[in-house]
Structure formats: C-alpha cells, structure tokens
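Read off the chains here:
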Amino acid sequence: MNRTLTVTLTETVKLYASLKFEEKGITRLKEGATVTFEETGKFHINADGKECKVLRLRKNTRNYYVLEELS
C-alpha cells in the first residue's frame, strides 16, 4: 500500500511509538512542520468510538504512528 502524503501541519500532532496507541512514550510534532506520512491500510477505533486511519512516519530507524479521524 505505502501511499505517501506530504502535509504541512496546521495543528500539533501526537506521534505514538507503537500500534497500541498508549499515551506513554508519545512525542509531538509542532504546527508548521512539513512531514511525509505513509498510509498503512489499517484502522483504529479511538476512545470516543470514532474510526481513525493509521498513518506511519519513518524517522531514522524508528517508526511513529499517527491517527487521522475519518469524518
């Protein structure tokens, strides 16, 4: 799948260290940064019950994951 999306962020985004999406071990990207995300083809239901698309950010040898809410 690995379709890439290059985005300039308009708000602060949480980067999760694993696909468990726990608050422990998260980092953040500030608004205004330009990043390239890859689509993973996976979906996650967040705590509010909304379905989110899982995107991956590769940074050096690490993978970080971002949740994008579907409307």
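Just above, that's the structure.
Rules used throughout
Residues numbered from 1 in each chain as written. Predicted model: local features only at pLDDT ≥ 70, side-chain atom pairs only at ≥ 80, totals over all residues. Heavy atoms only, no water. Helix = DSSP H or I, 4+ residues; strand = E, 2+ residues; numbered from the N terminus. Buried < 20%, exposed > 50% of the residue type's maximum accessible area, 1.4 Å probe, protein only. Pairing = 2+ DSSP bridges. Axes fitted to C-alpha atoms, helices over the stretch in contact; angles between N-to-C directions.

**Remarks on unusual backbone geometry**
Part 1: Phi at Phe21 is positive, roughly 55°, even though this residue is not glycine.
Part 2: Take Phe21: it is sitting in the loop between strand 2 (13-15) and strand 3 (27-29).
Part 3: The class for Phe21 is buried, based on a relative accessible area of 13%.
Part 4: Even without glycine at this site, Asn60 takes up a positive phi of about 55°.
Part 5: Checked against the element boundaries, Asn60 lands in the loop between strand 5 (51-59) and strand 6 (62-69).

**Regarding the sheet that holds strand 1 (residues 4-8)**
Part 1: Read from one edge to the other, the open sheet built from 4 strands follows the order 1-4-5-6, with strand pairing classed as antiparallel. Strands at the two margins of the open sheet, each flanked by one partner only, are strand 1 and strand 6. Neighbouring strand axes in the sheet, compared pairwise and without regard to direction, differ in orientation by 45° on average.

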